[in-house]
Amino acid sequence: MARSGQNSRRTFLGALGASGAVPFLPSSSNAKGRGGADARWAMIASDWLDQSMRLSPVTATWTGDHRFDHLLNDYTAKGRAEALNFAKSTLAKVRALPKSSLSRANQVDQALLTNELEAQIWTSETLQDWAWNPLVWQDGAGSALYTLMARDFTPLPQRLNHVTARLKLFSRVSGTDGTVIGLAVPVAVMPPGEAVTV
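Below is a short write-up of the structure. (Residues numbered from 1 in each chain as written. Predicted model: local features only at pLDDT ≥ 70, side-chain atom pairs only at ≥ 80, totals over all residues. Heavy atoms only, no water.)

Quick notes on the overall build of the protein
Point 1. Of the regular secondary structure elements, the protein holds 8 helices and 0 strands.
Point 2. Counting from the amino terminus, helix and strand elements in the protein follow one another as α-α-α-α-α-α-α-α.
Point 3. Relative to its full complement of 198 residues, the protein shows a buried share of 39%.
Point 4. Residue pairs at least 24 apart in sequence account for 62% of intrachain contacts in the protein once pairs closer than 6 positions are excluded.
Point 5. For the protein, the accessible surface area stands at approximately 11200 Å², while carbon and sulfur atoms represent 61% of it. (Helix = DSSP H or I, 4+ residues; strand = E, 2+ residues; numbered from the N terminus. Buried < 20%, exposed > 50% of the residue type's maximum accessible area, 1.4 Å probe, protein only. Contact = heavy atoms within 4.5 Å. Areas by Shrake-Rupley, 256 points an atom, 1.4 Å probe, with all protein chains shown as cover.)

Given below as structure tokens:
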């Protein structure tokens, strides 16, 4: 029985890893096996997954978590700061667990989550693609609707209600004239080697 659960966990992680989303599902068998540190890891990973879905409702819909189907990602400065603070606090908790105290499977997951959090922090603080790359906004808007309509996970009228709710929230990321709020092209923020077109 644990073997099939482990296979579905690997399949799920593989699919998400290939997409770059890389959420983690703590294995109950891993948490039972080693006690203290593995149990703490399971709590950290579970909290990270839950809060990541709350902070990114579009990703939640894509991964099959439909608690937030009526919401959009918060691309405002406040929303970005909340996501950055959460990534930093989670990274501190992950780093506080000595690698040697974890089961081998959890050591691998710890390394994967550390890399994911470091990438999120770097993207937020250094790359700041939300400030110069319109594809961030296009993908956010398109995925917000596509993820609701591409699969029949619930009856169509319910999915259309969520589409309507998300469409109403688009005013948070676009101005009344259709411009994207917060999108600018500050040269100081552009990654080295990127072309700037005006």
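Focus on unusual backbone geometry
Point 1. Phi is positive for glutamine 128, close to 45°, though the residue is something other than glycine.
Point 2. Looking at where glutamine 128 falls in the secondary structure, it is placed in the loop between α6 (104-127) and α7 (134-149).

As for the nonpolar core
Point 1. Grouped together as the largest cluster of nonpolar side chains are 20 residues, with contacts concentrated most on Trp41, Trp48, Val94, Leu97, Leu113 and Leu117.
Point 2. Listing elements by their share of this core, those giving two or more residues are α3 (36-55), α5 (77-96) and α6.
Point 3. Considering each element in turn, this core owes the most residues, 8 residues, to α3.
Point 4. Setting aside residues no more than four positions away along its own chain, leucine 97 makes contact with Ala37, Arg40, Trp41, Ile44, Leu102 and Gln110.
Point 5. Core analysis: the second largest hydrophobic core is formed by 5 residues, Tyr75, Ala131, Val136 and Trp137 among them. (Core = buried A, V, L, I, M, F, W, Y, C linked by side-chain atoms within 4.5 Å.)

Let's talk about the packing of α5 against α6
Point 1. Remark: α5 packs on α6, axes separated minimally by 9 Å, with the N-to-C direction vectors making an angle of 150°. Viewed along their axes, α5 and α6 adopt a mutual orientation that is roughly antiparallel. Two packed elements cross with a definite hand, and for α5 against α6 that hand is left-handed. From α5, Leu84, Ala87, Lys88, Thr90, Leu91, Val94 and Arg95 reach across to α6, where they touch Gln110, Leu113, Thr114, Leu117, Glu118, Gln120, Ile121, Ser124 and Glu125. (Axes fitted to C-alpha atoms, helices over the stretch in contact; angles between N-to-C directions. Parallel < 35°, antiparallel > 145°, perpendicular 65-115°, else oblique. Left-handed = near helix turned anticlockwise from the far one by under 90°.)

Here we look at the side chain of aspartate 65
Point 1. Looking at where aspartate 65 falls in the secondary structure, it is placed in the loop between α4 (57-63) and α5.
Point 2. At 2.7 Å, the side chain of aspartate 65 forms a polar contact with the side chain of arginine 67.
Point 3. Residues in contact with aspartate 65, not counting those within four places in the same chain, are Met53 and Ala60. (Polar contact = N/O pair within 3.5 Å; in protein donor to acceptor, adjacent residues only side chain to side chain.)

Focus on the pattern of salt bridges
Pairing between side chains becomes possible if they bear opposite charge and their charged atoms approach one another.
Point 1. If you walk through the whole model with that rule in mind, you get 6 salt bridges.
Point 2. Arginine 67 is the partner of aspartate 65 in a salt bridge, and the nearest nitrogen-oxygen pair spans 2.7 Å.
Point 3. It is possible to trace a salt-bridge network through shared partners that takes in Asp50, Asp65 and Arg67. (Salt bridge = Lys/Arg side-chain N within 4 Å of Asp/Glu carboxyl O.)

Some thoughts on the environment of leucine 71
Point 1. Inspection of the secondary structure puts leucine 71 in the loop between α4 and α5.
Point 2. Here leucine 71 falls in the partly exposed class, since its relative accessible area comes to 31%.
Point 3. Here the alpha-carbon distance between leucine 71 and leucine 167, two residues 96 residues apart in the chain, equals 9.4 Å.
Point 4. Once residues lying within four places of it in the same chain are set aside, the contact partners of leucine 71 are Pro57, Arg166 and Leu169.

Considering a nonpolar patch on the surface
Point 1. A cluster of nonpolar side chains, contributed by Met149, Leu156 and Leu160, occupies part of the molecular surface with about 240 Å² of accessible area.
Point 2. Note that leucine 156 resides in helix α8 (residues 156-169).
Point 3. Assessed through its relative accessible area of 40%, leucine 156 is described here as partly exposed. (Patch = residues over 30% accessible without salt bridge, like charges linked within 9 Å, V, L, I, M, F, W, Y side chains within 5 Å.)

Concerning the environment of valine 136
Point 1. Its place among the elements puts valine 136 in helix α7.
Point 2. Taking the relative accessible area as the measure of exposure, valine 136 reaches 18% and is therefore buried.
Point 3. As a C-alpha pair, valine 136 and tyrosine 75 span 61 residues in sequence and 9.9 Å in three-dimensional space.
Point 4. Residues in contact with valine 136, not counting those within four places in the same chain, are Tyr75, Asp129 and Trp130.

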